[in-house]
Amino acid sequence: MTPKVLRWLAERIGTPGASASVVPDAALEVPSSSLPRRTRAGLAAVVGAEHVLVDPAERLGRCGGLSYLDLLRRRRPELGLTVPDAVVLPADPDQVQRVLDVCVEGDIGVVPFGGGTSVVGGVTALRGDKEAVIVLDLARLDRLVSLDPDSRVAVLQAGVRGPEAERMLGDRGFTLGHVPQSFERATIGGFAATRSAGQASSGYGRFEDMVVGVRLATPRGEWRLGVAPASAAGPDLRQLAVGSEGTLGVLTEVAVRVRPAPAAERYEAFALDGWQRGTSAVRELAQRGLLADVTRLSDPDETDSSLALAGGWKTALLRRYLRGRGIGEPCLLVLGWHGASAREIARRRRAAIRVLRPEGAVALGAAVGEAWRRGRFAGPRQRDALLDLGVCVETLETATYWSRLDELRDRVRAALRDSLDHPLVLCHVSHAYETGASLYFTVLAVRDEADPAGQWERAKRAASEAIADGSLGTITHHHAVGTDHAPYLRAEIGDLGADVLAAARRAVDPTGILNPGKLV
Ligand SMILES: Cc1cc2nc3c(=O)[nH]c(=O)nc-3n(C[C@H](O)[C@H](O)[C@H](O)COP(=O)(O)OP(=O)(O)OC[C@H]3O[C@@H](n4cnc5c(N)ncnc54)[C@H](O)[C@@H]3O)c2cc1C
């Protein structure tokens, strides 16, 4: 963080009180493993003793995800770390199944673990009613199993991370096109288990749109789904597995639709005057089928922060230029097109500009769009630095129909502002559809050192209640349910919906070993 950024932050939210960096593993007290000797031997017989890890550092490394509270606990361990009893690393789908068999026999909890980037408590090593819990780390399931170029279907093992998936597919001329901000760490299994949405979702779809088949290990044996691209053979059970967050089985392989790797890409930015014109422009693009593959609209506060952080004479000039063009409250719109040729992109771009012009959009050129693309994975690193400095910084997201989007934004912003002292609340549309859009909020406030966890828990509760009240929006558009959103799921899907999920869970996992405490 440069001194300039720190000054800017202090002006907006006040000066943080105390810095706190991550406490080294050696300084933490880690409870000894409660894994029964017999289970440990059983697991070692399946995966090899070297892949059953009980070392404190290995267990600490998989004791949670990457939410603000997870990151805070590593700096303030007195808030309580939930450390698993062992980390188990199977090598293939068959070993995953046999690990589950051992855990059923020993009645041991199992937390499936991909990249560990959950921000909703999805990988917290809760025991539930079990004596011990293991983290089942899928890192060794890292292969491209097959690629059918005619059908454009690839089968990837669940532990393949985003960049590796793109590299292996790219070698054969294909792409998945799934690029969430957590791309560098998150895995194919994690994407499927959470119904993830990548930054290019307008072009390539959400992850569940890409999944054509799944292979799951469950406590009752293996379950495979997806023999054809479309089927009328009853409800689509693939979609029950997708989004099941490790509660209905461990995904070991996922068959995904892939596309030819784009030969050309172009990122560009525009400014619109105010939130209403900005969302109206994005709605028009969506409803006319003209969305760019990446479509992202920042609200005036987020735009102002981006400009302030970029700083420099060019930004000052840009602000003056926008005022001169009648843009008093700029909203930044980033559009990114991927295509088979520059000509195809030029055609789509022209069509989009025909929609944007009547909305008064001012073109800012490719440099601003490219700057966004270059920095699009930087969020996690900036967040770590802010946490070290004593800032409470977290994100939350939701979605609703176009007609309710403004009300949802207003209510969530009000809830966050009322529950925190002088926060900075930034918002953007990150995914747009014909019928509505998602809203993604970033919140910054000076950390309350007396009650840092309670400070965020109260703000998150207020925002979640604003979202759930009157079913204004979904409690999660892409971060999933985990533990954090579980109290609000029933309001969204109804008591019957919760009963259906619980019944499915009992059917595949009668003794309840899978991911205790998550989803339902
Ligand atoms: C900085 C940051 C940015 C993010 N940006 C985005 C974004 O742009 N879009 C988005 O959608 N999400 C985003 N996320 C959230 C998160 O990255 C996604 O939920 C991602 O899909 C999780 O993948 P993972 O491999 O890390 O899963 P994990 O965090 O390891 O697990 C997530 C959940 O899935 C379960 N699970 C994992 N693997 C399996 C498996 N093989 N079988 C069964 N269950 C499994 C876990 O038990 C857990 O409940 C972001 C997170 C961070 C920290």
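Everything numeric here is computed off the predicted structure, so don't read it as measured data.

*Asks:* Before we go on, may I ask you to explain the overall build of the chain in this structure?
*Replies:* A tally of regular secondary structure across the chain gives 19 helices and 18 strands. Relative to the globule expectation of 24 Å for 520 residues, the C-alpha radius of gyration of the chain, 23 Å, shows essentially globular dimensions. When the backbone C-alpha atoms are referred to their principal axes, the chain occupies close to 75 × 60 × 45 Å. Here the chain, with 520 residues, has 55% of them falling under the buried criterion. Taking the intrachain contacts of the chain between residues at least 6 apart in sequence as the baseline, contacts between residues at least 24 apart amount to 77%. When the accessible surface of the chain is totalled, it reaches about 21800 Å², and 51% of it is carbon and sulfur.

*Asks:* How should I be thinking about the UniProt feature "binding site: FAD" (unreviewed entry) in the chain in this particular structure?
*Replies:* The feature "binding site: FAD" (unreviewed entry), as annotated in UniProt, sits at Pro-112, Phe-113, Gly-114, Gly-115, Gly-116, Thr-117 and Ser-118 in this numbering. Among the structural elements, Phe-113 can be located in strand β3 (residues 109-113). Under the relative-accessibility criterion, Phe-113 is labelled buried at 5%. What Phe-113 contacts, discounting residues up to four positions off in sequence, is Gly-61, Arg-62, Gly-64, Val-123, Val-135, Leu-136, Asp-137 and Leu-138. Looking at the element boundaries, Thr-117 is found in the loop between β3 and β4 (133-137). Judged by its relative accessible area of 18%, Thr-117 is buried. The contact partners of Thr-117, leaving out residues within four places of it in the chain, are Leu-66, Ser-182, Arg-185 and Ala-186.

*Asks:* Any chance you could explain the UniProt feature "binding site: substrate" (unreviewed entry) in the chain here in plain terms?
*Replies:* Here the UniProt feature "binding site: substrate" (unreviewed entry) sits at Arg-383. When you line up the elements, Arg-383 lands in helix α16 (residues 379-389). When its relative accessible area of 15% is taken as the criterion, Arg-383 is described as buried. Residue contacts for Arg-383: discarding those within four places in its chain leaves Leu-66, Ser-67, Tyr-68, Leu-71, Val-119, Val-393 and Glu-394.

Calculation criteria
Residues numbered from 1 in each chain as written. Predicted model: local features only at pLDDT ≥ 70, side-chain atom pairs only at ≥ 80, totals over all residues. Heavy atoms only, no water. Helix = DSSP H or I, 4+ residues; strand = E, 2+ residues; numbered from the N terminus. Rg over C-alpha atoms; globule rule 2.2 N^0.38 Å. Buried < 20%, exposed > 50% of the residue type's maximum accessible area, 1.4 Å probe, protein only. Contact = heavy atoms within 4.5 Å. Areas by Shrake-Rupley, 256 points an atom, 1.4 Å probe, with all protein chains shown as cover. UniProt positions renumbered as here; feature names shortened; annotations may be inferred.

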